[in-house]
Amino acid sequence: MSEPIRVLHVFGRLDSGGAESRTMDIYRKIDRTKIQFDFAIHTENKGFFTDEIKALGGKIYSFPRFNGKNYFQYKKSWQQFFKQYPDYRIIHGHQTTTGFIYLKAAKENGVPVRIAHARNSNKENVIKKHICKLSKKYATHLFAVSKLAGISEFGMEAINAGSVKILPNAIDAEKYSFNPEVRKKKRQELGIKDEMLIIHIGRFHPQKNHAFLLNIFKEIKIVKPDAKLLLVGDGPLKKRIENKIPGKNLAGAVILAGTRSDVPELLQAADVLLFPSLFEGLPGVVLEAQAAGLPCIISDTITDEVKVTDFVEYVSLNEDAIFWSGRVLHQNLHHERAGVFNEVLKAGYDITQVTGWYEEFYASCRNYL
């Protein structure tokens, strides 16, 4: 039996963010006798998925975090890497802001398959917004989680030319199917009885708009004084957001759950997903929430490709917190939980379908080996 094809995935870190989680879902499902994933990350720190990757047979390599000033050091580290590990024939870059460096190094060292994968429909600063577009210059394949993400990172011309493969952030839909017993048990664990439970899942990062989320929740509390907000995730802004909670008279009403491995159960326990992001690629959590039968109030900056059921309502970020709170309360009042596995399947977002595509694609790259 021949050795599996090893694919080098490039990320910032191995936390439980959307891109990492979706890639791990594929990694778990893919035939690892044929395809093996390895990871290049930009930190020495242990991540949420580190142990699992090693248990699945993956290798992890650490690179310096790029800050602009260390351009030559960063470039040199990639050049040295490809000389030390010349057997890599596929590099799959999810971090497109430095793609123009590592994909170029891969090209110069004879790596035949170089993928740039657009994960977001915008960037948090102007510099990143422009340099991510350079990655396509050195890529052989362009992937995007949505049309908006593809336009943002590769341009409309690339989309119109058919140069970008749109690959949705797939989920294991069956794992999220609504179960009233699971809901009851998880709510007991969280100390939630009959109170309304609003959930948000995402890194504490400017993109996720946590400060506005707290303002919305404050308005909800005026109508539903016993309502609770569950914030799942970690990140650089966590402490800042935590410090805002007492000043908004929300102490005791906001649960900071941290990074969790029981997201399917937490979605069962919740009543509404609140997701006022400034921008997204194609947020897997909105798909997961729909699969769990949960109503979703999300910002209108998010692609309509994520709406696979009638459970999703888009609200403009130009509207104030009072308006947003009204939509949350309305959805909670008029929504009945139901399983929507078939809708997710029909929309092409189920993990089994997407994993099959990746498996065939990576296997076809043997022609380049």
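Description of the structure in this document. Position numbers for residues start from 1 in each chain and track the written sequence from start to end. Where totals are concerned, whole chains, interfaces and linings use all residues; where local detail is concerned, this predicted model gives features only for residues with pLDDT of at least 70, and gives and counts side-chain atom pairs only at 80 or more. Only hydrogens and water are removed before side-chain values are computed, so all heavy atoms of the structure are retained for them.

### Brief notes about the pattern of salt bridges
A pair can form between side chains of opposite charge whenever their charged atoms are brought close. Put simply, a salt bridge is a Lys or Arg side-chain nitrogen that is within 4 Å of an Asp or Glu carboxyl oxygen. What the rule picks out here adds up to 17 salt bridges. Lysine 186 is the partner of aspartate 262 in a salt bridge, and the nearest nitrogen-oxygen pair spans 2.8 Å. Of this pair, aspartate 262 sits in the loop between strand E10 (254–258) and helix H12 (263–269) while lysine 186 sits in helix H9 (residues 180–190), and the two are 76 residues apart along the sequence. By the burial criterion, aspartate 262 is buried, and lysine 186 matches it. Taken together, the salt bridges that share partners define one network made up of Arg22, Asp25, Arg28, Glu52 and Glu288. For helices the rule is a DSSP run of H or I covering at least 4 residues; for strands it is a run of E covering at least 2, with both sets numbered from the N terminus onward. Summary of the burial criterion: residues with accessible area below 20% of their type's maximum are buried, those above 50% are exposed, and those between are partly exposed, where the area comes from a 1.4 Å probe applied to protein chains only.

### With respect to the environment of serine 364
Within the secondary structure layout, serine 364 lies in helix H16 (residues 351–364). On a C-alpha basis, the gap between serine 364 and histidine 335 in space is 45 Å, while along the polypeptide they are 29 residues apart. Identification of polar contacts relies on pairs of N or O atoms within 3.5 Å, with a donor-acceptor requirement for protein atoms, meaning one able to donate a hydrogen and the other able to accept it, and with residues adjacent in sequence counted only if both atoms are side-chain atoms. Within the structure, the side chain of serine 364 is placed 2.6 Å from the backbone oxygen of phenylalanine 361, a separation counted as a polar contact.

### Some words on the nonpolar core
Trp78, Ile91, Ile199, Leu267, Leu273 and Val286 are the most contacted members of the largest nonpolar core, which totals 68 residues. The contact definition used throughout considers only heavy atoms, calling two residues in contact when any of these lie within 4.5 Å. Other than its neighbours up to four places away in sequence, isoleucine 91 contacts Leu8, Val10, Trp78, Phe82, Tyr102, Leu103, Ala106, Val111, Val113, Arg114 and Ile115. Residues belong to a common nonpolar core when they are buried Ala, Val, Leu, Ile, Met, Phe, Trp, Tyr or Cys residues joined through side-chain atoms within 4.5 Å. In this structure, Tyr27, Ile35, Phe49 and Tyr362 belong to the second largest nonpolar core, which totals 28 residues.

### Digging into the pairing of strand E8 (residues 197–201)
A large share of E8 lies buried, amounting to five of its five residues. By the alternation rule, side chains of E8 split into Leu197, Ile199 and Ile201 and Ile198 and His200, which are all buried. Here the term right-handed applies to a crossover when the path leading from its first strand over the helix to its second strand runs clockwise, the strands being oriented away from the viewer. In terms of handedness, the path from E8 via helix H10 (residues 210–223) over to strand E9 (residues 228–232) forms a crossover that is right-handed. In this structure, E8 lies alongside strand E11 (residues 272–275), joined through two bridges in parallel fashion. Bridge pairing in E11 links isoleucine 198 to valine 272. One requirement defines pairing of two strands: DSSP has to find at least two bridges between them.

### A word on the sheet that holds strand E13 (residues 312–315)
Within a sheet, each strand pairs with its neighbour through backbone hydrogen bonds, oriented either parallel or antiparallel. The six strands lie next to each other as E10-E9-E8-E11-E12-E13, forming an open sheet whose pairing is parallel. The sheet is open, and its two edges are formed by E10 and E13, each paired on a single side. Here the average twist between neighbouring strands, direction ignored, is 25°. As paired elements, strand E12 (residues 296–299) and E13 share four bridges and run parallel to each other. Residue serine 299 lies in a different strand from E13, and its bridge partner there is valine 315. Strand contacts of H10: E8, E9, E10 and E11, with the helix running at about 160° to E9, the strand carrying the most contacts. Working convention: axes come from line fits to C-alpha atoms, limited for helices to the stretch in contact. Angles between N-to-C directions cover 0 to 180 degrees.

### As for the pairing of strand E6 (residues 141–144)
In E6, alternate side chains face the same way, and those of His141 and Phe143 on one face and Leu142 and Ala144 on the other are all buried. Note that strand E5 (residues 113–118) and E6 share four bridges and pair parallel. Looking across to E6, one finds that histidine 117 is bridged to phenylalanine 143. Of the strand pairs in this sheet, E6 and strand E7 (residues 164–166) are connected by three bridges, and their pairing is parallel. Bridge assignment links alanine 144 to a residue of E7, and that residue is isoleucine 166.

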